[in-house]
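What follows is each chain in one-letter form.
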Amino acid sequence: LISWQQAGLFHSGFRLLAANKERLVKLRKKTGYSFINCKKALEKFNDDAEQAETWLHQQAQKEGWNKASKLQGRRTAEGLVGLLQEGNTAVMVEVNCETDFVARNVKFQHLIQQAALCTLRHCQSREQQQASYSKGFLSGDEILQMKIDESPLKDVLVLTIGKLGENMIMRRAAWVTVSSDMFIGSYMHGPLQGDLLSSSSVSSGKYGSLVVCRKADASSTSNITELGRRLGQHVVGMNPLSVGSLEDESAGDAETRMLAQPFLLEPSLTVGQYLQPHGVQVLDFVRFECGEEPESLETSQS
């Protein structure tokens, strides 16, 4: 028969094992690292969860940098464009990876979300000319210098590379901010189904566009969101190279000036003809296609 003393020791040991398991589960849930690494960290620091977490982050960063260095130079033809709009400001970012499989990974999509948020905050911190609009571009290196939760985005990128095992690059970003008499049309093509970004304010896909529009007056159109989406869809589908003017003669399917192009959703009309009854003027646009070779990414303003 087991003695009371032995029974007490048994129950104490059982409680200790349960407590250890609970700490392990909490550390795993908080950091996202494997059970093996979390267990190793807790054992290393005598179940001190705070020290274990710090060590895990340090190791992940170290291993991430090593892996990023080894993978550098590998072709990154896949990825996603992320689009975020808040008030009178909208941004697009492009992040590339090696395979579409990784592009669908939650960790990769979280990286896009963080890049979009950093770009939006950067744009909102700039002084805005109330009578006009501003447009700018950022290179990948400029985006990586920004911080999210006090951590440089460069470190976040490296950690994501370390976790997913593919080369990734922060390609570029664009931002637009407008005055009160304007609005920004936006459109994202090829969104992923059931992805992380579908549940956030950041949308993602293979193509994205922003269209800067001016309203003739407050009652010029009843649904500017839908009109803006349609114009953004045209920019993605028809890939204009400039806005042009209402006086331009259309060159048909070969036309590259937006206002003179046949409108994608109503080809019997040009974009300019479609807009006239709505009392809306297109001033500018930005179009991103994932994997394309972008033109100069130097910061510019209109």
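Here the structure is a predicted model, which is why all the values come from computation and not from measurement.

### A look at helix H7 (residues 153–164)
Reasoning step 1: With 12 residues, H7 should reach 16 Å at 1.5 Å per residue; the first-to-last C-alpha distance of 16 Å fits that figure.
Reasoning step 2: The element H7 is extensively covered by neighbouring structure, given that nine of its 12 residues are classed as buried.
Reasoning step 3: Among the residues making up H7, those that are buried are Leu 153, Asp 155, Val 156, Leu 157, Val 158, Thr 160, Ile 161, Gly 162 and Leu 164.
Reasoning step 4: Taken from the residues just after H7, Gly 165 is the one with a positive phi, measuring 75°.

### Describing helix H2 (residues 35–44)
Reasoning step 1: Regarding H2, the residues found buried are Cys 38, Ala 41 and Leu 42. One side of H2 holds all its buried residues, which, seen down the axis, span an arc of 95°. Summarising the geometry of H2, the exposed residues directed more than 90 degrees from the buried face are Ile 36, Glu 43 and Lys 44.

### A short note on the pattern of salt bridges
Reasoning step 1: According to the stated counting rule, one finds 17 salt bridges in the structure shown.
Reasoning step 2: Between Arg 121 and Glu 86 there is a salt bridge, with the nearest N and O atoms lying 3.5 Å from each other. Separated by 35 residues along the polypeptide, Arg 121 in helix H5 (residues 106–124) and Glu 86 in strand S1 (residues 78–86) bring together distant segments of the chain.
Reasoning step 3: Assessed through its relative accessible area of 37%, Glu 86 is described here as partly exposed.
Reasoning step 4: Overlapping salt bridges, with partners in common, bring together Glu 78, Asp 100, Arg 104 and Lys 206 in one network.

### Considerations on the packing of H5 against H7
Reasoning step 1: Orientation of H5 relative to H7, taken along the N-to-C sense of each, is 170°, at an axis distance of 10 Å. Classified by the angle their axes make, H5 and H7 are roughly antiparallel. Residues Lys 107, Phe 108, Leu 111, Gln 114, Ala 115 and Cys 118 of H5 pack against Leu 153, Val 156, Leu 157, Thr 160, Lys 163 and Leu 164 of H7.
Reasoning step 2: For the contact of H5 with H7, the residue count by class is eight nonpolar, two polar and two charged.

### Section: the pairing of strand S2 (residues 89–97)
On a regular strand, one side chain projects to one face of the sheet and the next to the other, so that they alternate.
Reasoning step 1: Counting buried positions along S2 yields nine of nine residues, so the element is predominantly enclosed.
Reasoning step 2: The alternating pattern of S2 places Thr 89, Val 91, Val 93, Val 95 and Cys 97 and Ala 90, Met 92, Glu 94 and Asn 96 on opposite faces, both of which are buried.
Reasoning step 3: Bridge count between S1 and S2: nine bridges; the pairing is antiparallel. Of the residues in S2, the one forming a bridge with Leu 84 is Val 91.
Reasoning step 4: Where S2 and strand S6 (residues 169–177) come together, eight bridges link them in antiparallel fashion. The residue bridging Ala 90 from the neighbouring strand is Val 176, located in S6.

About the cut-offs
- Residues numbered from 1 in each chain as written.
- Predicted model: local features only at pLDDT ≥ 70, side-chain atom pairs only at ≥ 80, totals over all residues.
- Heavy atoms only, no water.
- Helix = DSSP H or I, 4+ residues; strand = E, 2+ residues; numbered from the N terminus.
- Expected span 1.5 Å × (residues − 1).
- Buried < 20%, exposed > 50% of the residue type's maximum accessible area, 1.4 Å probe, protein only.
- Arc of directions from axis to C-beta.
- Salt bridge = Lys/Arg side-chain N within 4 Å of Asp/Glu carboxyl O.
- Axes fitted to C-alpha atoms, helices over the stretch in contact; angles between N-to-C directions.
- Parallel < 35°, antiparallel > 145°, perpendicular 65-115°, else oblique.
- Contact = heavy atoms within 4.5 Å.
- Nonpolar A, V, L, I, M, F, W, Y, C, P; charged D, E, K, R; others polar.
- Pairing = 2+ DSSP bridges.

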